[in-house]
Amino acid sequence: MHRATDDRAIDDAVATLRAGELVAIPTETVYGLAADASSDQAVAKIFATKGRPTGHPLIVHIASVDELSRWAATPIPETAMQLGRAFWPGPLTIIVRRSSLVSAAVTGGRDTVGIRVPDHPLTLELLRRFDGGVAAPSANRFGRVSPTTAHDVEAEFDGHVLVLDGGPCRVGVESTIVDTTVEPIVVLRPGAVTAEQIEAVLGRPVERTAQGPSRAPGMLASHYAPNATVELVDAATLEPRAEALRADGTRVVTIHPHVAVEEYARSLYGWLRAADRDGADVVLAVPPADEGLGAAVCDRLRKAAGPRS
Ligand code: TXA
Ligand code: MG
């Protein structure tokens, strides 16, 4: 439950959205930079503030699965309804064809839209009071590490954006994205809802995007990157590699967490941000096993380690 003082903050956030301005919102995955999803002008401010290319589509966040029919074109695929009922509120974005209520600016002109119901009490209450949908990418500058605390968002935008503080994010990596407009259905981005869980609900196999360049537009190779260079190593090479780099005067931070994968996911972006604050040149990371939630962590680590433009 949220505190009485949150009530005022939610009302302020709703008023700000109604005025066509941006609000940073907490979700269970990462903080989002939100605007009224039905307003071209409001949505344009997201792209300007993030420095994000306008062709990269945004996710629309809604209050419940019952709202899906407002934002999706009919007929809504039965698979989308099944997945929404099974996993919402929760870290799953479902791609459907969009209704005319979705601003074209949200989808970069595409006729499909990604939709999800975030699992955070403050943002769910915000969405109910707003009585609309909000388009929200992660609340970071383009190509940077996603924020998992209100403080991260303030640091990212120098305090220029109103932030609804919902505490640290529980999951820590972005939602799973599943496209229900294609056959077979395909998971475009791994997240806390696994492909196996999706298959269990649908009772049939789904495709997974292969490693490498993603089919989801805007998911470039070098996403989620700190200033430091990220190198992936196995546990046995971690120490020798760190020693070799340090001998050259390189400032090295190592990530070799002896923690459960849930904790790895929740902490990863915080660790990358901390490495930048500490002035690291190189982050050496030992990835978790590439399965379940670990697949999402591995995906983000590969992108953080990917070639920079
Ligand atoms: O957990 C999350 O999903 C967070 C929180 C704030 O909800 N949001 C998030 O948004 O990660 P963003 O903008 O950083 O990533 C959204 C990605 C896009 O880069 C794109 O790859 C994919 O979602 N996407 C959105 N709409 C799409 C569409 N119509 N077709 C294909 N991919 C789409
Ligand atoms: Mg992002």
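What counts, and at which threshold
- By convention here, each chain's residues receive numbers from 1 onward along its written sequence.
- Chains carry letters and ligands carry numbers; both start at the beginning, A for chains and 1 for ligands, and go up in the order they are written.
- Totals for whole chains, interfaces and linings use all residues, but because this is a predicted model, local features are given only for residues with pLDDT of at least 70 and pairs of side-chain atoms are given and counted only at 80 or more.
- Water and hydrogen atoms play no part in the side-chain values, which are based on all heavy atoms of the structure.
- By definition, any uninterrupted DSSP run of H or I lasting at least four residues is a helix, any uninterrupted run of E lasting at least two residues is a strand, and each is numbered from the N terminus.
- The quantity called the radius of gyration is restricted to C-alpha atoms. Its globule counterpart is 2.2 Å times the number of residues to the power 0.38.
- For each residue, the accessible area found with a 1.4 Å probe, counting protein chains only, is set against the maximum for its type, and the residue is called buried under 20%, exposed over 50%, and partly exposed in between.
- In this analysis, two residues are considered to be in contact whenever any of their non-hydrogen atoms come within 4.5 Å of each other.
- By the counting scheme adopted, Arg and Lys are positive, Glu and Asp are negative, and His together with the chain ends is not counted.
- By convention, charge coordinates are those of NZ in Lys, CZ in Arg, CG in Asp, or CD in Glu.
- Working definition: a ring pair exists when centres of Phe, Tyr or Trp rings (six-membered ring for Trp) sit within 6.5 Å. Plane angles under 30 degrees give stacked, over 60 give edge-to-face, the rest tilted.
- As used here, the term nonpolar core means buried Ala, Val, Leu, Ile, Met, Phe, Trp, Tyr and Cys residues forming a set that is joined through side-chain atoms within 4.5 Å.
- The axes used here are C-alpha line fits, helices contributing only the stretch in contact, and every angle between their N-to-C directions lies in the interval 0 to 180 degrees.
- Note: crossing handedness is left-handed where the near helix turns anticlockwise from the far helix by less than a right angle, and right-handed where it turns clockwise.
- Note that Gly is not counted as nonpolar here; it falls among the polar residues with everything else outside the nonpolar set of Ala, Val, Leu, Ile, Met, Phe, Trp, Tyr, Cys and Pro and the charged set of Asp, Glu, Lys and Arg.
- Within 3.5 Å is the distance limit for a polar contact, defined as a pair of N or O atoms, with the added protein rule that one can donate a hydrogen and the other accept it, and that residues adjacent in sequence qualify only through two side-chain atoms.

Q: Is there a simple way to think about the overall build of the protein chain in this case?
A: Within the protein chain one finds 11 helices and 13 strands. Its C-alpha atoms give the protein chain a radius of gyration of 19 Å, near enough to 19 Å, the size a compact globule of 309 residues would have. Along the three orthogonal principal directions, the C-alpha set of the protein chain runs to about 60 × 45 × 35 Å. The buried share among the 309 residues of the protein chain stands at 55%. Within the protein chain, counting contacts between residues at least 6 apart in sequence, those at least 24 apart form 69% of the total. Separation of charge centres in the protein chain, based on 31 positive and 39 negative side chains, amounts to 3 Å.

Q: I tried to follow the packing of aromatic side chains on my own but got confused; where do I start?
A: Geometry of an aromatic ring pair is reported as the spacing of the ring centres plus the angle between the planes. Taken as a whole and judged by the stated rule, the model has one aromatic pair. A centroid spacing of 5.6 Å and a plane angle of 65 degrees characterise the contact between Tyr264 and Trp271, whose relative ring orientation is edge-to-face. Classification of Tyr264 by relative accessible area gives buried; the value is 3%. Using a relative accessible area of 29% as the deciding quantity, one classes Trp271 as partly exposed.

Q: How should I be thinking about the nonpolar core in this particular structure?
A: Within the largest apolar cluster, 47 residues are counted, with the highest numbers of intra-cluster contacts made by Leu92, Ile115 and Ile198. Ignoring sequence-local partners within four residues, the contact set of Ile115 consists of Ile59, Val60, Ile62, Leu68, Trp71, Ala72, Trp88, Leu92, Thr93, Ile94 and Val96. Core analysis: the second largest hydrophobic core is formed by 22 residues, Ala275, Ala280, Val283 and Val297 among them.

Q: How should the packing of helix α4 (residues 78-87) against helix α8 (residues 195-202) be read in this particular structure?
A: Any two packed helices are characterised by how steeply their axes cross, that is the angle between the axes, and by the distance between the axes. Between α4 and α8, the least distance of the axes is 10 Å, while the angle of their chain directions is 115 degrees. α4 and α8 meet at a crossing whose hand is right-handed. Residues Thr79, Gln82, Leu83, Ala86 and Phe87 of α4 form the contact with α8, whose participating residues are Gln197, Ile198, Val201 and Leu202. For the contact of α4 with α8, the residue count by class is six nonpolar, three polar and no charged.

Q: What should I look at first to understand the side chain of Thr27 in this one?
A: With respect to the secondary-structure elements, Thr27 resides in the loop between β1 (23-25) and β2 (32-36). A distance of 3.1 Å separates a polar atom in the side chain of Thr27 from a polar atom in the side chain of Arg116. Excluding residues within four positions of it along the chain, Thr27 makes contact with Arg116, Pro118, His120 and Cys169.

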